[in-house]
2 protein chains.
Amino acid sequence: MINNETMQSILARRSYKVFDSRPIGDEELETIVTAGLYAPTGMNRQPWHFTVIKSKEGLEKFGEARRNLPLPPGIPAAAIAAMGDPMRNAPVVIIVSGKDGGTTPQDCCLAMENMFIAAASLGIMSGWDHAMVMDLFKNNAELKAELIPEGYTVYAGAFFGYPGPTVKDRGERKGTVEYI
Amino acid sequence: MINNETMQSILARRSYKVFDSRPIGDEELETIVTAGLYAPTGMNRQPWHFTVIKSKEGLEKFGEARRNLPLPPGIPAAAIAAMGDPMRNAPVVIIVSGKDGGTTPQDCCLAMENMFIAAASLGIMSGWDHAMVMDLFKNNAELKAELIPEGYTVYAGAFFGYPGPTVKDRGERKGTVEYI
């Protein structure tokens, strides 16, 4: 493997459940968002909007909604406790929403991965929040109206922050590869 | 913006419609695939399989199926001619398939973007092929049985190669950003 700086960022990227309390600087955040804006899109439509929540008020309001999101039924109490705080102490939340169908769901995912890697290159880690994508904005019309443009659907949402103290080893790669 | 090497790779990445005829070396290809294997997945399931088509025979067989894929009705002949060869002269095709539902479609998209950026860091460019993802493997059971493991669904497919001669300027960024 060719171990250049880009690969080092890709391999350093980790999903975090708890972030450090340090804020993310404006220049770092602009760098991360710029990476997202340069992801590929079908037919180069770039059919997306990036909602970046970083203010104390924004995080508190979003955090209240996120914490109040009902969990799917049947999850044991111990598992819920092990999940920790849904907001993960993160100083930044980025939501990518898109419009006009077609490849938009894929486009928004590609943008998020660009932001994950750009962040990792700056020592900032991330964590996809599937509940935010799947449930929060479908079940909270008021929050959606406030954070997401009219006519857009949320396809990707994640937390960003400096790494917290508790991180498990990333473990083995389980994917299979066949060369033909 | 912080313009480190990772950001340079992210900004250098371009979608190509025509590739150069140079092959991709084994070490470069291994680097690209490794990047894909290190993308995040929901619950760290890594529920995916990477099919890497690079042999002459594999490309010829896949190319025949890809070129024979019917276009959606209503596309003008001039537009079809402007599309060029569906195989784009690419020396490598990578298909990411996944199993078990959940976040698997998103996971596979994130893996593909990792591979796009790793490739760009090596001067190798890429091009998502939505028709491959949406139509080819749904309509060609024989090809799917040959290339994709039983029980897996294709969620991402793209061409990789060194840049060909004709590339348009990438143009303005159209996404909108709101900081809250």
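What counts and what doesn't
- Residues numbered from 1 in each chain as written.
- Chains lettered and ligands numbered in written order.
- Predicted model: local features only at pLDDT ≥ 70, side-chain atom pairs only at ≥ 80, totals over all residues.
- Helix = DSSP H or I, 4+ residues; strand = E, 2+ residues; numbered from the N terminus.
- Rg over C-alpha atoms; globule rule 2.2 N^0.38 Å.
- Buried ≥ 20, exposed ≤ 12 C-beta atoms within 10 Å, placed from the backbone.
- Contact = placed C-beta atoms within 7 Å.
- Nonpolar A, V, L, I, M, F, W, Y, C, P; charged D, E, K, R; others polar.
- Pairing = 2+ DSSP bridges.
- Axes fitted to C-alpha atoms, helices over the stretch in contact; angles between N-to-C directions.
- Left-handed = near helix turned anticlockwise from the far one by under 90°.
- Least-squares fit on C-alpha atoms with pLDDT ≥ 70 in both.
- pLDDT = per-residue confidence, 0-100.
- Arc of directions from axis to C-beta.
- Parallel < 35°, antiparallel > 145°, perpendicular 65-115°, else oblique.

A. Structural detail: the overall build of chain A. The helix and strand inventory of chain A stands at seven helices and five strands. The N-to-C order of helical and strand elements in chain A reads α-α-β-α-α-β-α-β-α-α-β-β. At 17 Å, chain A has a C-alpha radius of gyration in line with the 16 Å of a compact globule built from 180 residues. On the principal axes, the C-alpha backbone points of chain A span a range of 45 × 45 × 40 Å. Taking all 180 residues of chain A together, 44% fall into the buried category.

B. Just the interface of chain A and chain B, in detail. Facing the 54 residues of chain A at the interface are 54 residues of chain B. Going through the elements one at a time, helix 1 (5-12), helix 2 (26-37), strand 1 (48-53), helix 5 (104-121) and strand 5 (176-179) of chain A are the ones with two or more residues in the side of chain A that touches chain B. For the side of chain A that touches chain B, the element with the highest residue contribution is helix 5 of chain A, accounting for nine residues. Considered class by class, the residues forming the side of chain A that touches chain B number 26 nonpolar, 19 polar and nine charged.

C. Representation of the sheet that holds strand 4 (residues 153-161) of chain B. Taken in spatial order, the five strands line up as 5(A)-1(B)-2(B)-4(B)-3(B) in an open sheet, and their pairing is mixed. Two strands lie at the open edges of the sheet, namely strand 5 of chain A together with strand 3 (125-128) of chain B, each paired on one side alone. Looking at each pair of strands side by side, their axes are set apart by 20° on average, direction ignored. Bridge count for strand 3 of chain B against strand 4 of chain B is four bridges, and the pairing is antiparallel. Considered in strand 4 of chain B, the bridge of S126 of chain B is made with F160 of chain B. Relative to strand 4 of chain B, helix 5 (residues 104-121) of chain B is tilted by about 10°, and along the sheet it contacts strand 1 (48-53), strand 2 (92-98), strand 3 and strand 4 of chain B.

D. Spotlight on the sheet that holds strand 4 (residues 153-161) of chain A. Strand order in the open sheet made by the five strands is 3(A)-4(A)-2(A)-1(A)-5(B), with mixed pairing throughout. Since the sheet does not close on itself, it has two edges, and those belong to strand 3 (125-128) of chain A together with strand 5 (176-179) of chain B, each with one partner. Between one strand and the next, the sheet's axes are offset by a mean angle of 20°, whatever the strand orientation. Of the strand pairs in this sheet, strand 1 of chain A and strand 5 of chain B are connected by four bridges, and their pairing is parallel.

E. Structural view of the packing of helix 2 (residues 26-37) of chain B against helix 5 of chain B. Residues and elements named next belong to chain B. Where helix 2 contacts helix 5, the axes come no closer than 7 Å and their chain directions differ by 145°. Helix 2 and helix 5 meet at a crossing whose hand is right-handed. Here T31, I32, A35 and G36 of helix 2 lie close against helix 5, whose contacting residues are A111, M112, N114, M115, I117, A118 and A119. When its residues are assigned to classes, the contact of helix 2 with helix 5 shows eight nonpolar, three polar and no charged.

F. Region of interest: the relation of the copies chain A and chain B. For the pair chain A and chain B, the relating rotation is 180°, the translation along its axis is 0.0 Å, and the fit reaches an RMSD of 0.0 Å. Classification of the inter-copy transformation places it as that of a two-fold axis. Of the C-alpha atoms belonging to chain A, the one lying closest to the rotation axis is found on T6 of chain A, 2.2 Å away. Of all interface residues in chain A, 100% are interface residues in chain B too; the two copies therefore contact each other through one and the same surface.

G. Layout of the confidence of the model for chain A. With 99% of its residues at a pLDDT of 70 or more, chain A has an overall mean of 93. On the interface metric, ipTM, the complex scores 0.94, and its pTM is 0.95.

H. Quick look at the pairing of strand 4 of chain B. All names here are of chain B. For strand 4, a buried count of eight out of nine residues is recorded, marking the element as mostly surrounded by other parts of the structure. Alignment of strand 2 against strand 4, held across seven bridges, turns out to be antiparallel. Looking across to strand 4, one finds that V93 is bridged to F159.

I. View of helix 6 (residues 130-139) of chain A. Residue and element names in this part refer to chain A. Buried within helix 6 are the following residues: M132, V133, L136 and F137. Looking straight down helix 6, one finds its buried side chains confined to an arc of 120°; they lie on one side. Those residues of helix 6 that are buried are in contact with helix 3 (56-67), helix 7 (141-147) and strand 4.

J. Quick peek at the packing of helix 1 of chain A against helix 1 (residues 5-12) of chain B. Remark: helix 1 of chain A packs on helix 1 of chain B, axes separated minimally by 7 Å, with the N-to-C direction vectors making an angle of 95°. Classed by the angle they form, the pair helix 1 of chain A and helix 1 of chain B counts as roughly perpendicular. Note on element contacts: helix 1 of chain B touches helix 1 of chain A through E5, T6 and S9 of chain B, opposite E5, T6 and S9 of chain A. By residue class, the composition of the contact of helix 1 of chain A with helix 1 of chain B is no nonpolar, four polar and two charged.

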